[in-house]
Amino acid sequence: MASLFSSSSSSSSSSSNVIFMFVILVFFMGTSSALSTNFYSKTCPKLFNTIQSEVESAVSKEERMGASLLRLFFHDCFVNGCDGSVLLEDTSSFKGEQTAGPNVNSLRGFGVIEKIKSKVEDVCPGVVSCADILAIASRDSVVTLGGPSWDVKLGRRDSKTASLSDANRTGTLPSPFSSLSTLVSRFGALGLSAKDMVALSGSHTIGKARCFSFRPRIYNTSLIDSSFAKTRQANCPGTRGNGDKNLAPLDLQSPTAFDNNYYKNLINQKGLLFSDQQLYSGGSTDSQIEKYSKKPETFFSDFAAAMIKMGDISPLTGSNGEIRKKCGKPN
Ligand code: HEM
Ligand SMILES: [Ca+2]
């Protein structure tokens, strides 16, 4: 770098200097994220307070809602980036992501996001994207349930459309029946490391899953504590189509507290999803599970860093996309 600078300053042509500066500018624009933590500090100073109080009230009405909002952000980011696409509702002429296999009868919290959006529109109309609201609401959910905080990067814009087939494409949203190597490669395809994947999976310290999602795990797999399997079988019949919607907590110990019990459960072979237990199954991620089970503060800081990374996946910025008026439909 230093030699590049000196060769440019020794050049006699001023136009070549201009070109050189332009190249340097493009280089830096290309390497730094377009998002920033102070994006709305002038245009919507009340944004954080508005969202935080709505999230707190939603979570106090139903603690699971914190988990549901966090998962919405994950499912948004994994399909065409964090662009609010998952929030678009189906109409008679449009089929978005909400009926995709991993989402249908499972994603929840759309009403809460729409309510937050209307409060945000009251204080600063036409300014804040739904994609950014989702990013802030998931951070506030984690904080409200006792987890770490982080500065959310902002400046995302909303997609004008969404694609059912993109959300259904095999491997886009990870399946609970995936092996460790599949999980690593799915996250890797989006620029997230195995370490990020293990930290982000700690989200399963809160929230619930349907019998449909964990049936094969509790009837047909090894690496499962037998009394845990029996307990879960009691509310999840072994035959497909029976009790599919019955719920169980992803973390059997503290399903409404954001803590490191998820990792302790894995060590005790009490992961609810097959994909959860894969993270502690004699493979390359075992040591990270052990570390998080002993050091919650390390889990918290890795989780926060990985959430920021996930939030950086292919945002729409500049004049791309739009700022939706309502999160459920394009303007
Ligand atoms: C590693 C791959 C992952 C797989 C295979 C996976 C799969 C699942 C499944 C199957 C459920 C239950 C859905 C149902 O039965 O209705 C679930 C719930 C949940 N997931 Fe994941 N997930 C993964 C990673 C993540 C990540 C990265 C996050 C967030 C950053 C996340 C957050 C959640 C939350 C909070 C819930 C509970 C939602 C609620 O109670 O409404 N998951 N996940
Ligand atoms: Ca998306």
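Fair warning: this is a prediction, and the values are worked out from it, not measured in the lab.

Caption draft 1: The UniProt feature "binding site: Ca(2+) 2" (unreviewed entry) in the chain, seen in detail. Here, UniProt's "binding site: Ca(2+) 2" (unreviewed entry) annotation points to T205, D251 and D259. Despite a sequence span of 55 residues, these residues sit close together in the fold, their greatest C-alpha distance being 9.7 Å. Along the chain, the position of T205 falls in the loop between α9 (194-201) and β1 (208-210). On the accessibility criterion, T205 (0% relative accessible area) is buried.

Caption draft 2: Structural detail: the site of ligand 1. Close to ligand 1 lie 26 residues, the nearest being R64, S68, S106, H204 and S213. Within the side chain of S68, a nitrogen or oxygen atom sits 2.6 Å from an oxygen atom of ligand 1. One nitrogen or oxygen atom from the main chain of R210 is found 2.8 Å from an oxygen atom belonging to ligand 1. Among the cavities detected, the one that contains ligand 1 is the largest pocket. Elements that contribute at least two residues to the shell around ligand 1 include exactly α4 (64-78), α8 (180-189), α9 and β1. When residues of the shell around ligand 1 are assigned to their parent elements, the largest contribution, five residues, is made by α4. Two domains share the shell around ligand 1, each providing at least three of its residues, namely domain 1 (47-168) and domain 2 (180-310).

Caption draft 3: Spatial organisation of empty space enclosed by the protein. Summed over all chains, the structure comprises one cavity of 30 Å³ or more. There is about 70 Å³ of room inside the largest cavity. F73, A135, S138, W150, D151, V152, K153, R156, M307, I308 and G311 together form the lining of the largest cavity. Elements represented by at least two residues in the lining of the largest cavity include exactly α6 (130-144) and α15 (296-311). With three residues, the top contributor of residues to the lining of the largest cavity is α15. By residue class, the composition of the lining of the largest cavity is six nonpolar, two polar and three charged.

Caption draft 4: Summary view of the state of the cysteines. Per the counting criterion, the structure on display carries four disulfides. One disulfide in the model links C44 with C124; its S-S distance is 1.7 Å. Of this pair, C44 sits in the loop between α2 (14-31) and α3 (47-61) while C124 sits in the loop between α5 (110-123) and α6; the two residues are 80 residues apart in sequence, bridging distant segments of the chain. Here C44 and C124 have matching classes, each one buried. The disulfide that involves C211 links it to C236, with 2.0 Å between the sulfurs. The sign of the 75° torsion about the S-S bond sets the C211-C236 disulfide as right-handed. Here C211 is found in helix α10 (residues 211-220), whereas its partner C236 is found in the loop between α11 (226-233) and β2 (247-249), with 25 residues between them in sequence.

The rules behind these values
Residues numbered from 1 in each chain as written. Chains lettered and ligands numbered in written order. Predicted model: local features only at pLDDT ≥ 70, side-chain atom pairs only at ≥ 80, totals over all residues. Heavy atoms only, no water. UniProt positions renumbered as here; feature names shortened; annotations may be inferred. Helix = DSSP H or I, 4+ residues; strand = E, 2+ residues; numbered from the N terminus. Buried < 20%, exposed > 50% of the residue type's maximum accessible area, 1.4 Å probe, protein only. Near = heavy atom within 4 Å. Polar contact = N/O pair within 3.5 Å; in protein donor to acceptor, adjacent residues only side chain to side chain. 1 Å grid on protein atoms, 1.4 Å probe; cavity = no way out; pocket = protein on both sides within 12 Å on 5 of 7 lines; lining within 4 Å. Sits in = over half its atoms within 2 Å of the grid points. Domains from an automatic or database assignment. Points joined across faces, edges and corners; volume = space filled by probe spheres on them. Nonpolar A, V, L, I, M, F, W, Y, C, P; charged D, E, K, R; others polar. Disulfide = S-S within 2.5 Å.

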